[in-house]
Amino acid sequence: MPRRILHRRSMARLRGASVDAFAIWRRRLLFLLSGICVGLAAVLMAKLADAAQWTFKEILSVSPLIALVMTPAGFGLGTRLARTVFPNSQGSGIPQVIAARHSKDPRFRHALVSLRVAFGKIAVMTLGLLCGASAGREGPTVQVGAAIMAAAGHLSPKRLPGLLLAGGAAGVAAAFNTPLAGIVFGIEELGQTYQARTTGLIVAAIVAAGLTSLWLVGNYTYFGTTDATLAIGAGWIVVPLIGGLGGLGGGLFSRVVILFGRGLPGRAGALIGRRPVAFAMLCGLGVALCGLASGGAVYGTGYEEARAILHGDVPAPGDFAPLKFVATVLTSISGIPGGLFAPSLAVGAGLGAEFHGLFPGVSIGALVLVGMVSYLTGVLQAPITSFVIVTEMTQDHAMMIPLMIAALIADAASKLVCQGGLYHALADIILARADPAAPPVKPPA
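Residues numbered from 1 in each chain as written. Predicted model: local features only at pLDDT ≥ 70, side-chain atom pairs only at ≥ 80, totals over all residues. Heavy atoms only, no water.

## Concerning the overall build of the protein chain
Heads up, the rule is: Secondary structure counts use DSSP, requiring at least four H or I residues in a row for a helix and at least two E residues in a row for a strand, with both numbered from the N terminus. The buried label applies to any residue whose accessible area, calculated with a 1.4 Å probe on protein chains only, is under 20% of its type's maximum; exposed applies above 50%, and partly exposed to all values in between. Only heavy atoms matter for contacts: two residues are in contact if any of them lie within 4.5 Å across the pair. With residues, only the protein chains shown are counted as cover, and all accessible areas are computed by Shrake-Rupley using a 1.4 Å probe.
Tallying secondary structure elements over the protein chain gives 19 helices and zero strands in all. When the 445 residues of the protein chain are sorted by exposure, 56% land in the buried category. Taking as baseline every contact in the protein chain between residues at least 6 positions apart, the subset at least 24 positions apart corresponds to 81%. Accessible surface, the protein chain: about 18900 Å² in total, of which carbon and sulfur atoms supply 67%.

Structure, rendered in structure tokens:
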């Protein structure tokens, strides 16, 4: 064969390899930039959430009774915006990400995790916190992170499910500054399976988002560091006791939210379906009444209250946990965007603190940490995510074993009340209504 032909073939192969390498590195660079954008979005949502809650408190300093008008009006407006202007932005956003990963319809998948939905999620979530909603920003960050990564997925459609998983996991990691918890959440709650290529995407996205958050706000622990311990002895009875109660309470919360997500039977369900905005305003009124009864403690994410209880700065009122529970239920079923992580941790903190009078020899910090993990596990039915995220948020590794045990007990107790995890059940509802061809979402075994 003539040398000229061999040379041409060699050059053609070289050009082909160069083109393939360029395409691969272009995609990787785009995914890296998307991870940075997830970190920026997480920081932005944190700043907006803090500003909204501060503004609401300043307004209520004039008169707490303003909430009786402002909160229902905000809930009504938020629900209308979430249903008409920004559909699929309701709730925490995690069920939408799970549904998008399982859907086979590209249009429906885009409708769940588009940049338009992400913008609406941020805007209406901020509006809800501005009006006193008992909601968090961490769950919405998952949907926003998935939407940002999905926007980059048009260059690699086959890898879009992995990109959604990576974006959601990066959202959790950047929101809490807990990279390990982001990985665990992505695998346990969003992915349900271990895949080496997907896990590589998760880690890369978390690194990019986490470094961006560190650069902007610095290194921090979400609840501050604690040195609580639970010595082997009679005090360990609090682990199964709080674990069981937290699991039952979290399971009850999930069952109520799933019930309203599917639609109440009979006339009540039909009436709510016809008047969703009026129902949201009624939920807002309930939240305002809970706020008045608690002296304003149950409004917002509950982060400040949980942190103060954890560190023993202020004693937890006896009615904080039940009122926060009710306020979070009403916020969740109202239809406005908002997450469950921070409010659930606050309920768990209040639950754990309730046992300090019964077990004065156990540190308040240990009781609160066990309560946080127990109730969060009960809501999510994701025990590994729950104890890892609380451990990372407090850097209290001495409590890891009792927190693991509490998480396992809470998970079993929650399943007695609510079969199937909350997010997966809500994702099934979304799929059944809009994408019947999609297979049901199976919760982790």
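## Considering the confidence of the model for the protein chain
To keep it simple, the criterion reads: Residue-level confidence of the predictor is summarised by pLDDT, bounded by 0 at the bottom and 100 at the top.
When the pLDDT values of the protein chain are averaged, the result is 82; 80% of them are 70 or greater. Across residues 16-23, where pLDDT falls below 50, the model places zero contacts with residues more than four positions away in sequence or in other chains.

## Comments concerning the environment of Lys47
Within the secondary structure, Lys47 is located in helix H1 (residues 3-60). The exposure class of Lys47 is exposed, given its relative accessible area of 52%.

## Description of the side chain of Arg109
With respect to the helices and strands, Arg109 occurs in helix H4 (residues 106-112). You can call Arg109 buried: its relative accessible area is 14%.

## Overview of the packing of aromatic side chains
Condition: Note on aromatic pairs: the rings of Phe, Tyr and Trp (six-membered ring only in Trp) are paired at centre separations within 6.5 Å, and the planes decide the class, stacked below 30 degrees, edge-to-face beyond 60, tilted for the rest.
Under the criterion given, the structure shown has five aromatic pairs. A ring pair is formed by Phe56 and Tyr299, whose centres lie 4.9 Å apart and whose planes are at 85°; its orientation type is edge-to-face. In this pair, Phe56 sits in helix H1 while Tyr299 sits in the loop between helix H12 (276-293) and helix H13 (303-310), placing the two residues 243 residues apart along the sequence. Residues Phe56 and Tyr299 agree in their burial class; the two are buried. An aromatic cluster of three or more residues is present, and its members are Phe253, Phe325 and Tyr375.

## Focus: the environment of Phe387
Take Phe387: it is sitting in helix H17 (residues 383-394). Judged by relative accessible area, Phe387 falls into the buried class, the value being 11%. Each C-alpha atom of the pair Phe387 and Val373 lies 5.6 Å from the other, and the pair is 14 residues apart in sequence. Setting aside chain neighbours within four positions, we find Phe387 in contact with Val373, Leu403, Met404 and Ala407.

## Here we look at the nonpolar core
To keep it simple, the criterion reads: The definition of a nonpolar core used throughout is a set of buried Ala, Val, Leu, Ile, Met, Phe, Trp, Tyr and Cys residues joined through side-chain atoms within 4.5 Å.
Formed by 114 residues in total, the largest nonpolar core has its most connected members in Val113, Phe253, Phe341, Ile389, Val390 and Leu422. Ignoring anything within four residues of it in the chain, the contact list for Phe253 reads Phe325, Thr328, Val329, Ser332, Leu340, Tyr375, Val379 and Leu422.

## Examining the packing of helix H3 (residues 94-102) against helix H19 (residues 422-434)
Convention followed: To get an axis, fit a line to the C-alpha atoms, keeping to the stretch in contact for a helix; angles then go from 0 to 180 degrees between the N-to-C directions. What sets the label is the angle itself: under 35 degrees gives roughly parallel, over 145 gives roughly antiparallel, 65 to 115 gives roughly perpendicular, and the rest give oblique. Note on convention: the crossing is left-handed when the near helix lies turned anticlockwise from the far helix by less than a right angle, right-handed when the turn is clockwise. Note on residue categories: nonpolar means Ala, Val, Leu, Ile, Met, Phe, Trp, Tyr, Cys or Pro, charged means Asp, Glu, Lys or Arg, and polar means any other residue, Gly included.
Taken N-terminus to C-terminus, the directions of H3 and H19 make an angle of 60°; their axes are 8 Å apart at the nearest point. With respect to H19, the axis of H3 lies oblique. You can see that H3 and H19 cross each other, and the crossing is right-handed. Here H3 contributes Ile94, Pro95, Gln96, Ile98, Ala99 and His102 to the contact with H19, which in turn contributes Tyr423, His424, Leu426, Ala427, Ile430 and Leu431. Across the contact of H3 with H19, the residue classes tally to nine nonpolar, three polar and no charged.

## Here's the deal with the pattern of salt bridges
Pairing between side chains becomes possible if they bear opposite charge and their charged atoms approach one another. Heads up, the condition is: Whenever Lys or Arg places a side-chain nitrogen within 4 Å of a carboxyl oxygen from Asp or Glu, that contact is recorded as a salt bridge.
In this structure the tally under the stated criterion is three salt bridges. With its nearest N and O atoms 2.8 Å apart, the salt bridge here joins Lys415 to Asp411. Taken together, the residues Lys415 and Asp411, both in helix H18 (residues 400-417) and four residues apart, mark about one turn of the helix. For Lys415, a relative accessible area of 30% translates into the label partly exposed.

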